[in-house]
Amino acid sequence: MNTSACHDMNSGLLDGNKRSFDVSRSVPDMNSNSWPDFEERSGFFFQLARDLRARISFEEKPFFCLALSGGVDSLVLFSFLVWLRHMENLPFLALHFNHGLRGDTDAEESQFIRELCARYAVPLREGGADVRALATERGAGLEEAARFARHRFFDEELASVTEKLQVQASYRPCTEARQEKSLKSSQPPAFLVLGHHLNDRAETLILQMTRGAGLKGLCAMPYRDGYKLRPLLLTERSRIEAFARERGLHYCEDVSNFEDDFLRNRVRHQLLPLWQDISERPLYQQLSDLAENLEEENALLEDEAREALGHLLLGSGALNLKALLQFHPGLYYRVISLWLATALNAGPSDELRVLPRKTWLSLRKKLEELPTSAQFDLPGGRRLLLRNFRLELEV
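Residue numbers restart at each chain and count upward from 1, following the sequence in its written direction. Predicted model: local features are reported for residues with pLDDT of at least 70 only, side-chain atom pairs are reported and counted for 80 or more only, and whole-chain, interface and lining totals are derived from all residues. Here the side-chain values reflect all heavy atoms present in the structure, with hydrogen atoms and water set aside.

Visitor: Any chance you could explain the nonpolar core here in plain terms?
Guide: Buried together is how nonpolar side chains tend to be arranged in soluble globular proteins. What we call a nonpolar core is a set of buried Ala, Val, Leu, Ile, Met, Phe, Trp, Tyr and Cys residues that are connected through their side-chain atoms within 4.5 Å. Working definition: with a 1.4 Å probe on protein chains only, accessible area under 20% of the residue-type maximum means buried, over 50% means exposed, and in between means partly exposed. Counting 41 residues, the largest nonpolar core has L52, F64, L68, V76, F78, F80 and L84 as its most contacted members. Numbering goes from the N terminus for both helices and strands, where a helix is a DSSP run of H or I of at least four residues and a strand is a run of E of at least two. Counting only elements with at least two residues in this core, the list comes to α2 (44–53), β3 (63–67), α3 (72–88), β4 (92–98), α4 (104–119), β6 (190–193) and α10 (237–247). Top element by residues in this core is α3. It accounts for 10 residues. L68 has contacts with S74, L75, F78, A94, L95, H96, I113, L116 and C117, leaving out every residue within four places of it along the chain. With 24 residues, the next largest nonpolar core counts A308, L331, L367 and L391 among its residues. Note on definitions: a residue-residue contact is assigned when non-hydrogen atoms from the two residues lie within 4.5 Å.

Structural data, given as structure tokens:
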């Protein structure tokens, strides 16, 4: 049975049947005189801001959409964005998704989120789904169905926010210098901010290894992935909890996180502690460092794929198939998946973004053997058309 237990950082673990959230103590009070002194002493938010500034431009006034729950990492990230709004005048809104898996606990968490956002004047958008029904419909597990539904909601909300920001920008007076800067910028106007931390990345790396993932999968949630940001990714969970304890933050822990029904929990509770016992160095940090090293190499290959795609594009967005098949299989896979994702503006919940590498390599084999005309069905009712060595997409 899924439920939540509340952590009061002054009194420890409380009865999960009691009220799980106290809005008045969930986020540091921005009106308190102790805030600047505390932050100057801890330096935690300043470090998060430095790491974030190294990856995006604050000068372009990015808009943040925070995926918000009642967990400790999510609430610390909410606290950070409230502070960043105060320090840098960077706006944000919260996105909260109800998975409908925990009954009254989900309703209680949603109400807490509403009260929290109202208190700190943070706009809130809510979504939800019947994840159990979706899992049955898709023939998937609960975790996979929940992630699909959650990110579909995030994609839709981020697209809406981005469209509104672009409309607002078109009405603002634009100097020549600002226009030139805008044209050169590759930074999206809005980002989805996620609460993954260093431990999450290490665990994801292990899970991806068990699935036989390629280089891209072994990068295991990079700090910045297009429009997605993970400001806590360089921070261990113990540091996040220590900050929450120092500030007296109030948060809820899903009790299912302590059960070994899911593979990630078994990796966390059984495999990694054993591995740490025989390792001479901090294991989570080492696994995260490995993922970051692989991320650098993956970025190089992604750049090569983008450059190659530019040379392969024909009129109307078709691909030169003869030239495509000359590429090494590793580059071919990246080029064709990038072409499709770009053509469809596919978000992370789009099925084409999660098709395994072997699917694309199987398609390559068919393309090499087939005549000059053929068609291939893709997820979501899409179709690839082969005509005179031109590969086209039919939506």
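Okay, back to it.
Visitor: How should the sheet that holds strand β13 (residues 390–394) be read in this particular structure?
Guide: Picture the strands of a sheet paired through backbone hydrogen bonds; they go either parallel or antiparallel. Reading across from one edge, β10-β13-β12-β11 is the order of the four strands in this open sheet, with antiparallel pairing throughout. Edge positions in the sheet fall to β10 (319–320) and β11 (373–378), since each of these pairs with one other strand and no more. Any two strands are treated as partners once DSSP identifies two or more bridges connecting them. With five bridges joining them, strand β12 (residues 382–387) and β13 adopt antiparallel strand pairing. Residue L386 lies in a different strand from β13, and its bridge partner there is L391. Contacts between helix α14 (residues 329–344) and the sheet are confined to β10, β11, β12 and β13, with β13 contributing the most and set at about 40° to the helix. Orientation is described by axes fitted as lines to C-alpha atoms, over the contacting stretch for helices, and by angles from 0 to 180 degrees between their N-to-C directions.

Visitor: Help me out: how do you make sense of the environment of L385 in this one?
Guide: Inspection of the secondary structure puts L385 in strand β12. With a relative accessible area of 8%, L385 lands in the buried category. Taking the C-alpha atoms as reference points, L385 and Q375, 10 residues apart in sequence, are found 4.5 Å from one another. The residues touching L385, leaving out its near neighbours within four places in the chain, are A374, Q375, R390, L391, E392 and E394.

Visitor: Explain the pattern of salt bridges here, please?
Guide: Pairing between side chains of opposite charge can happen when their charged atoms approach one another. Any carboxyl oxygen of Asp or Glu within 4 Å of a side-chain nitrogen of Lys or Arg constitutes a salt bridge here. This model, assessed by the stated rule, comprises 15 salt bridges. Residues E88 and R53 are paired through a salt bridge, measuring 2.9 Å at the closest nitrogen-oxygen approach. You can see E88 sitting in helix α3 and its partner R53 sitting in helix α2, a full 35 residues away along the chain. You can call E88 partly exposed: its relative accessible area is 27%. For E126, the salt bridge identified is with R114, shortest N-O distance 2.8 Å. Highlighted residues: E126 in strand β5 (residues 124–128) and R114 in helix α4, separated in sequence by 12 residues. Judged by relative accessible area, which is 34%, R114 ranks as partly exposed. Counted as one network, the salt bridges with shared partners bring together R53, E59 and E88.

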